[in-house]
Amino acid sequence: MKTSLRTLALAGSLLAASAAFAPVQAAELHVLISGGFSAAYDKLGPEFTKATGNTLVTEHGPSMGKSPEAIPNRLARKEPADVVIMVGYALDDLIKQGQVNKSSRVELADSPIGMVVKQGQPKPDISTVAALKKTLLNAKSIAYSDSASGVYIEKEMFKKLGIEDQVKSKATMVPKIPVASKVADGTYEVGFQQVAELLPVPGVTFVGKVPASVQSITRFAGGVPVTSTHQKEAAELLKFLASAKAQPVVKQTGLDPVKKK
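Just so we're clear, the structure is a prediction, and the values are computed from it rather than from any experiment.

## Concerning the sheet that holds strand S6 (residues 142-145)
Backbone-to-backbone hydrogen bonds pair the strands of a sheet. The strands run either parallel or antiparallel.
Then, number 1: If you trace the five strands from one edge of the open sheet to the other, you get S7-S6-S8-S5-S9, paired in mixed fashion. The sheet is open, and its two edges are formed by strand S7 (171-174) and strand S9 (204-209), each paired on a single side. Direction aside, the axes of adjacent strands within the sheet are offset by 30° on average.
Then, number 2: Relative to the sheet, helix H6 (residues 148-161) contacts strand S5 (113-118), S6, S7 and strand S8 (190-194), its axis offset from that of S6 by approximately 125°.

Here's what the structure looks like:
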């Protein structure tokens, strides 16, 4: 009997030891992300996976708007989400609604607005406010996104330029898809979106950024939904994306690092 008890005790000790040294099971993180930070995320995500073993399941959609793909609408449908990466003020709305943990909010990058034309077409001058105004008045059609940059262009930039009435009939908000893709196929002559969303699209030529006095910088941020089942791992992903190691990629993809206060 003593031998049996001693054997059982030894077996229990070995089992406990093996459990202590067994690798922790990797997490599968569901990420909802809007276009502005996507190019940087696509490059940085594999590095995070390699370093941690955690895998990323990613769904794309705008930070706001009525489309089913919009991140707030995905959350409303209770789609799986461990991390959301989106326009900062849209994320703040989700925090106010109690859908994202306030303490999890991490600022990631700043994104300016730029313009493209179809590849092979002459690059118009938008280097000054006067030049931008002239280019838009001469353009046959103008496209902009249904997210933060497009809302600003439609509601504010045209007014600042004093051309709201002149361009109303030829300016179109493009939902869901990259604006540059509709410029590339010839649907629109010029297209505006955040630079980081324009640069990856083939078939267009990047003209430049909107002049500073009529520019609008969008801050991208990330957070962890309250429903996430991997809160710790999700926070680690956001920490990595905001790290000094990630900044060269952030710059390379057309974003500006967040300036430290």
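## Here we look at the domain arrangement of the protein chain
Then, number 1: Domain annotation of the protein chain identifies domain 1 (28-110 + 219-257) and domain 2 (112-214).
Then, number 2: Each of domain 1 and domain 2 was reduced to a C-alpha centroid, and the two centroids are 26 Å apart.
Then, number 3: Contact with domain 1, which involves 17 residues of that partner, is made by 12 residues of domain 2.
Then, number 4: At the junction of domain 1 with domain 2, the criterion picks out zero salt bridges.
Then, number 5: Inspection of the domain 1/domain 2 interface yields one residue pair in polar contact (both at pLDDT 80 or more).
Then, number 6: Of the residues belonging to the side of domain 1 that touches domain 2, the class tally is eight nonpolar, six polar and three charged.

## Things to note about the sheet that holds strand S3 (residues 83-87)
Then, number 1: Taken in spatial order, the five strands line up as S2-S1-S3-S10-S4 in an open sheet, and their pairing is mixed. Either end of the sheet is taken by a strand with one partner, and the two such strands are strand S2 (55-60) and strand S4 (106-111). Strand-to-strand twist in this sheet, taken as the mean axis angle between neighbours without regard to direction, amounts to 20°.
Then, number 2: Pairing of strand S1 (residues 28-33) with S3, which is carried by three bridges, proceeds in the parallel orientation. Note that in S3 the partner of Val31 across the bridge is Val83.

Rules used throughout
- Residues numbered from 1 in each chain as written.
- Predicted model: local features only at pLDDT ≥ 70, side-chain atom pairs only at ≥ 80, totals over all residues.
- Heavy atoms only, no water.
- Pairing = 2+ DSSP bridges.
- Helix = DSSP H or I, 4+ residues; strand = E, 2+ residues; numbered from the N terminus.
- Axes fitted to C-alpha atoms, helices over the stretch in contact; angles between N-to-C directions.
- Contact = heavy atoms within 4.5 Å.
- Domains from an automatic or database assignment.
- Salt bridge = Lys/Arg side-chain N within 4 Å of Asp/Glu carboxyl O.
- Polar contact = N/O pair within 3.5 Å; in protein donor to acceptor, adjacent residues only side chain to side chain.
- Nonpolar A, V, L, I, M, F, W, Y, C, P; charged D, E, K, R; others polar.

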